[in-house]
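In case you want the letters, here they are:
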Amino acid sequence: MLILGIESSCDDCSLAIVEDGRRIVAHTVASQVELHRPYDGVVPELASRAHTELILPTYRETLRRAGLGPEQLGGVAVTSRPGLSGSLVVGVAFAKALSFGLGLPLIGVDHILAHLYAPQLDSTREYRLEYPFLGVLVSGGHTLICKVNEFDSIEVMGTTIDDACGEAFDKVAKHLGLGYPGGVVIDRLARTGNPAAFRFPSPSLHKGEHRYDVSYSGLKTAVINQLEQFRDPACEASHENIAASFEKAAVDMLLTRVVRAARDTGLQRVVAGGGVAANTYFREAMGQHTEFTVVFPPLELCTDNGAMVAGIGYQHIMRGDRSGLDLDVSSRVPRFRHTYP
Ligand code: KG4
Ligand code: ZN
């Protein structure tokens, strides 16, 4: 069965057609990076307007690449939560129109669960990924460590109590004028920097229910406002050194929690996803752990994409789940965020 997946929760307008929840037939991403670059961050109002312009041509291009007509589709899946409301509404309205016009089943899917489904679409891996596994989702909007029991069933273990990991990358890059998109720029600069040039503080969130939680606001403040306090006097305060030291602090904080969660649950397979899972140091450092094996989706499936939406949508549709034409969007899903204390 061919499912069309629609992803418009943030700044990427992406559509894909996936067969039987596994094989990507066509995948198109219309990036809005140039639109948001002058602001060094995603401007929600501009993002939703751009989605309204991009979604129809992206849909047509996806069908063209697949060599298919709309009548060959078996269902429509769309991200309906969480994300920017105005952007989500565009994808959901488009999906409803297609579903109504073509008489296709419609399913609204959860963006976080879709990210955790992404490795199931990796055609380079011979085996099918078995549940349960430990999921580590690190994106611009979320930072989550969870036990993934099924495609739609997760137990949240840790989250960020303030900023998301990718958000910290973006804000640090913005304040230091490093460029946009922040995560990608910091990753590039860090490759030639010294990660020991700055010793940034790490929050001591290790007790009780916060055993697996992270916090990025202190690190962000240290990098933006208190830089000199943490510098090794022998090292220069170059952009490369700041990037490498920040990246190491941000990723290591997450890694200690992931290792803790893997030990506590006994889960030996860790699946990483979300935009920050594209980070070079994160991938290297995760790969060095011997207690667990780590699975990374291909880079194009780490960032936002319609394929993961189509893939998980297929699983829902096969189970008989359906959304009505009254499908609504929600910007937040409370269980994906812990508060402090
Ligand atoms: O999953 P994603 O595309 O969108 C959200 O759902 O948020 O993730 C985007 C985030 C941004 O914060 C971006 O800076 C970060 O992922 N990112 C990276 C890298 N590539 C993207 N962060 C660190 N290193 C990278 N290579
Ligand atoms: Zn995402």
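Details of the structure are given in the entry above.
Basis of the calculations
- Residues numbered from 1 in each chain as written.
- Chains lettered and ligands numbered in written order.
- Predicted model: local features only at pLDDT ≥ 70, side-chain atom pairs only at ≥ 80, totals over all residues.
- Heavy atoms only, no water.
- Helix = DSSP H or I, 4+ residues; strand = E, 2+ residues; numbered from the N terminus.
- Rg over C-alpha atoms; globule rule 2.2 N^0.38 Å.
- Buried < 20%, exposed > 50% of the residue type's maximum accessible area, 1.4 Å probe, protein only.
- Contact = heavy atoms within 4.5 Å.
- Areas by Shrake-Rupley, 256 points an atom, 1.4 Å probe, with all protein chains shown as cover.
- Pairing = 2+ DSSP bridges.
- Axes fitted to C-alpha atoms, helices over the stretch in contact; angles between N-to-C directions.
- Donors = N, O, S within 2.8 Å, 3.2 Å for Na, K, Ca; no water.
- Tetrahedral: all angles 85-135°; square planar, octahedral: opposite > 155°, others 65-115°.
- Parallel < 35°, antiparallel > 145°, perpendicular 65-115°, else oblique.
- Nonpolar A, V, L, I, M, F, W, Y, C, P; charged D, E, K, R; others polar.
- Polar contact = N/O pair within 3.5 Å; in protein donor to acceptor, adjacent residues only side chain to side chain.

Draft legend 1. Quick peek at the overall build of the protein. Along its length, the protein carries eleven helices and ten strands. Against the globule reference of 20 Å for 341 residues, the protein gives a C-alpha radius of gyration of 20 Å, in line with a compact fold. Dimensions of the protein, computed from the C-alpha atoms along their principal axes, are close to 65 × 45 × 40 Å. Scored against the burial criterion, the 341 residues of the protein give a buried share of 55%. Of the contacts made within the protein by residues no fewer than 6 positions apart, 73% connect residues no fewer than 24 positions apart. Of the accessible surface of the protein, which amounts to about 14300 Å², a share of 51% is contributed by carbon and sulfur atoms.

Draft legend 2. Quick look at the sheet that holds strand β2 (residues 13-19). Pairing in this open sheet of five strands is mixed, and the strands run β3-β2-β1-β4-β5 from one edge to the other. Because the sheet does not close on itself, it has two edges, and the strands there are β3 (23-30) and β5 (106-110). The average angle at which neighbouring strand axes cross in this sheet is 20 degrees, direction not considered. Here strand β4 (residues 75-81) runs beside β5; their pairing, made up of five bridges, is parallel.

Draft legend 3. Structural context of the coordination of the zinc ion (ligand 2). Coordination of the zinc ion (ligand 2) by the protein comes from H111 (NE2), H115 (NE2) and D304 (OD), over a distance range of 2.0 to 2.2 Å. Coordination at the zinc ion (ligand 2) is irregular: its four donor atoms span angles of 93 to 151 degrees at the metal. Of note, the donors binding the zinc ion (ligand 2) are all from one chain and are spaced H-x3-H-x188-D. Note that H115 is positioned in helix α4 (residues 111-117) and D304 in the loop between α10 (299-302) and α11 (306-319), a separation of 189 residues in sequence. Pair check on accessibility: H115 and D304 agree, each one buried.

Draft legend 4. Examining the packing of helix α5 (residues 165-175) against helix α6 (residues 182-190) more closely. Where α5 contacts α6, the two axes come as close as 7 Å, and the packing angle between them is 75 degrees. If you check the angle between α5 and α6, you find them roughly perpendicular. Contact residues: α5 offers F169, D170, V172 and A173, while α6 offers G182, G183 and I186. Classifying every residue of the contact of α5 with α6 gives four nonpolar, two polar and one charged.

Draft legend 5. Representation of the side chain of S9. Here S9 shows up in the loop between β1 (2-7) and β2. Engagement of the side chain of S9 in a polar contact is seen with the side chain of H111, the distance being 3.4 Å. Apart from the residues lying within four places of it in its own chain, the contact partners of S9 are T79, P82, G83, L84, S87, L88, H111 and D304.

Draft legend 6. Looking closely at unusual backbone geometry. Between Y131 and the following residue, P132, the backbone shows a cis peptide bond with an omega angle of 0 degrees. Along the chain, the position of P132 falls in the loop between α4 and β6 (133-138). In this model, D40 sits at a positive phi of 55 degrees, which is unusual for a non-glycine residue. Inspection of the secondary structure puts D40 in the loop between α1 (33-36) and α2 (44-66).

Draft legend 7. Molecular detail of the pairing of strand β9 (residues 269-273). β9 sits mainly inside the fold: four of its five residues count as buried. Pairing geometry for β9 and strand β10 (residues 293-295), over three bridges, is parallel. Bridge pairing links R269 to T293 in β10.

Draft legend 8. Summary view of the environment of N305. Secondary-structure assignment places N305 in the loop between α10 and α11. Overall, the relative accessible area of 0% leaves N305 in the buried class. N305 sits 225 residues away from S80 along the chain, and the two C-alpha atoms are 14 Å apart. Apart from the residues within four sequence positions on either side, N305 is in contact with E7, S14, H27 and E300. Engagement of the side chain of N305 in a polar contact is seen with the backbone oxygen of T303, the distance being 2.8 Å. Of the polar contacts made by the side chain of N305, one reaches the backbone nitrogen of A307; its length is 3.2 Å.

Draft legend 9. View of the pairing of strand β7 (residues 143-150). Relative to β7, β6 is paired through six bridges, and the arrangement is antiparallel. In the sheet register, L134 faces β7, and the bridge partner there is K147. Where β6 folds back on β7, the antiparallel hairpin that results is connected by four residues. Here β7 runs beside strand β8 (residues 153-159); their pairing, made up of six bridges, is antiparallel.

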